[in-house]
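Structural overview for review
Listed here are the chains, written in short residue letters.
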Amino acid sequence: MTFQPVVPFNGNLGWAFLQRTRETQEAAFTESAVVQRDTDYFRDNIGSITNAEELVADPRLLKVALGAFGLDDDLPNKAFIQKVLDEGTLADDAFANKLADKRYAAMAEAFGFDLAPSNISISTFPEEIISAYEIRQFEVAVGNSNENMRLALGLGRELETISAGSISEDGLWFTIMGTPPLRAVFEAAFNLPTSFGTLDVDRQLEVFKEKAAANFGDSSVRQFTDPDKQEELLRKFFVSSELNLQSASAVRGSVALSLLQSSVSPF
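Cut-offs and rules
Within each chain, residue numbers correspond to sequence positions counted from 1 in written order. Owing to the predicted nature of the model, reporting of local features is limited to residues with pLDDT of at least 70; listing and counting of side-chain atom pairs is limited to 80 or more, with chain, interface and lining totals taken over all residues. To get the side-chain values, take all heavy atoms of the structure and skip hydrogens and water. Throughout, exposure labels follow a simple rule: accessible area from a 1.4 Å probe, protein chains only, divided by the maximum for the residue type, with under 20% read as buried, over 50% as exposed, and the rest as partly exposed. Strands here mean DSSP runs of E at least two residues long; helices mean DSSP runs of H or I at least four residues long; both are numbered from the N terminus. Every residue pair with non-hydrogen atoms within 4.5 Å of one another is taken to be in contact. Side-chain atoms alone can form a polar contact between residues adjacent in sequence; in general such a contact is a pair of N or O atoms within 3.5 Å, and within protein one must be able to donate a hydrogen while the other accepts it. Only buried residues count toward a nonpolar core. Its members are Ala, Val, Leu, Ile, Met, Phe, Trp, Tyr and Cys residues joined through side-chain atoms within 4.5 Å. Confidence scores labelled pLDDT are given residue by residue by the predictor and lie between 0 and 100. A fitted line through C-alpha atoms represents every axis, and for helices the fit uses only the stretch in contact; the resulting angles, taken between N-to-C directions, go from 0 to 180 degrees. Angle categories: roughly parallel below 35 degrees, roughly antiparallel above 145, roughly perpendicular from 65 to 115, and oblique for all the rest. Under this grouping Gly is polar, as are all residues other than the nonpolar Ala, Val, Leu, Ile, Met, Phe, Trp, Tyr, Cys and Pro and the charged Asp, Glu, Lys and Arg. Definitions for this section: a left-handed crossing has its near helix turned counterclockwise from the far helix by less than a right angle. A right-handed crossing has that turn clockwise. What makes a salt bridge here is a side-chain nitrogen of Lys or Arg within 4 Å of a carboxyl oxygen of Asp or Glu, nothing more.

1. Section: helix α4 (residues 59-67)
Among the residues of α4, those classed as buried are Leu61, Leu62, Val64, Ala65, Leu66 and Gly67. Residues of α4 that are buried sit in contact with α2 (33-45), α3 (52-57), α5 (78-87), α7 (103-111) and α8 (125-145).

Here it is in structure tokens:
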């Protein structure tokens, strides 16, 4: 049986509760039987894998590999994932480097099947993947109750990861645009419409930078590695999300009332 995290409130109140209880809840989740079976199997068997084909052929290993990068839904897409892993990231034209979703490149780089030997041979590799899997699976479990809390939990880690390299600020914004969980937080916090993603990518970049400067006095992505800026971003995200939810509920209520009224026959 898997421990189900508790998030009794929405918005900033729920986020404050989750921050206070995260350590205890995450430990209980990680120690649950289902998670332990997944991680024990990965730890015991990943060392025998020599290429991407062998990895995707083992659904239990692949489940952990994908889950460690938030790509759980790709478990059935074996040919696609094998191509991602086979080509790695060293070549500029590698398949993973062409994909908009940067999580695939992160996974391909972590496994390093384009290296000889691959990163699987590194002694610390299994525990690094397992740790990432446990963290993200806890986030998934939280998301089963409240998807916004799942996005908030991953924000700091994802921002820290993408900001650590030497990538340019424009490159960081493009990475956010290509990472669905990060994009969702920023779009909501900046009150961008659902149609925003249909704009030309260069125009999207301009808007993200303009919104960041207008709301935070700085157009950079790296500013959000500062805890205070990050909390302010999350506050705006929760407020916007709650308002959108209330608006959607009001619209549904209005439609339901109209349908009810139209179904009532006059005397």
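Right, picking up where we left off after that structure.
2. Side note on the environment of Asn215
Among the structural elements, Asn215 can be located in helix α12 (residues 201-216). According to the relative accessible area criterion, Asn215 is partly exposed, its value standing at 33%. For Asn215, the residues in contact, after removing those within four places along its chain, are Phe190 and Lys236. Looking at Asn215, its side chain comes within polar contact range of the main-chain oxygen of Lys211, at 2.8 Å.

3. Comments concerning the nonpolar core
Counting 38 residues, the largest nonpolar core has Leu159, Trp173, Phe186, Phe190 and Leu233 as its most contacted members. Looking at this core, the elements that each hand over two or more residues are α1 (11-30), α8, α9 (147-163), α10 (169-177), α11 (180-189), α12 and α13 (227-263). At seven residues, the largest contribution of residues to this core is made by α9. Leaving out residues up to four positions away in the same chain, Phe186 has contacts with Leu155, Leu159, Trp173, Ile176, Phe208, Phe224 and Leu233. With 32 residues, the next largest nonpolar core counts Ile81, Leu99, Ala105 and Met107 among its residues.

4. Here's the deal with the side chain of Glu139
Within the secondary structure layout, Glu139 lies in helix α8. On the basis of relative accessible area, Glu139 is assigned to the buried category, the value being 5%. Of note is the side chain of Glu139, whose polar atom sits 2.5 Å from the side chain of Arg157. Beyond its immediate stretch of four places on either side in the chain, Glu139 contacts Arg22, Arg150, Leu153, Gly154 and Arg157.

5. Let's talk about the environment of Arg222
With respect to the element layout, Arg222 can be found in the loop between α12 and α13. A relative accessible area of 28% means that Arg222 is categorised as partly exposed. Apart from residues no more than four positions distant in its own chain, Arg222 is found in contact with Ser163, Gly165, Ser166, Ile167, Glu169 and Leu172. A polar contact is formed between the side chain of Arg222 and the side chain of Glu169, at a distance of 3.2 Å.

6. Describing the confidence of the model for the chain
For the chain, per-residue confidence averages 91 on the pLDDT scale, and residues scoring 70 or more make up 91% of the total. Per-residue pLDDT stays below 50 along residues 248-257; that stretch engages in zero contacts with residues further than four places along the chain or on separate chains.

7. Some details on the packing of α2 against α4
For the pair α2 and α4, interaxial distance at closest approach is 9 Å and the crossing angle is 105 degrees. Accordingly, the angle class assigned to the pair α2 and α4 is roughly perpendicular. Residues Arg37, Asp38, Tyr41, Phe42 and Asn45 of α2 touch α4, and the partners they reach there are Arg60, Leu61, Lys63, Val64 and Ala65. A class-by-class count of the residues in the contact of α2 with α4 yields five nonpolar, one polar and four charged.

8. Structural notes on the packing of α5 against α7
Where α5 meets α7, the axes come as close as 8 Å, and the angle between the chain directions of the two elements is 60 degrees. What the angle tells us is that α5 and α7 run oblique. As α5 runs across α7, the sense of the crossing is right-handed. Each of Phe80, Ile81, Val84 and Leu85 in α5 lies in contact with α7, whose residues at this interface are Tyr104, Met107, Ala108 and Phe111. For the contact of α5 with α7, the residue count by class is eight nonpolar, no polar and no charged.

9. Focus: the pattern of salt bridges
Applying the stated criterion across every chain yields a total of 16 salt bridges. The residue Arg136 makes a salt bridge to Glu158 at a minimum N-O spacing of 3.5 Å. Here the residue Arg136 occupies a position in helix α8, and Glu158 occupies one in helix α9, the gap between them amounting to 22 residues. The two residues Arg136 and Glu158 agree in class, both being buried. Its salt-bridge partner being Glu169, residue Arg222 comes within 3.2 Å of it at the nearest N-O pair. Of the two residues, Arg222 sits in the loop between α12 and α13 while Glu169 sits in helix α10, which places them 53 residues apart along the sequence. Several salt bridges converge on common partners, so that one network encompasses Arg136, Glu139, Arg157 and Glu158.

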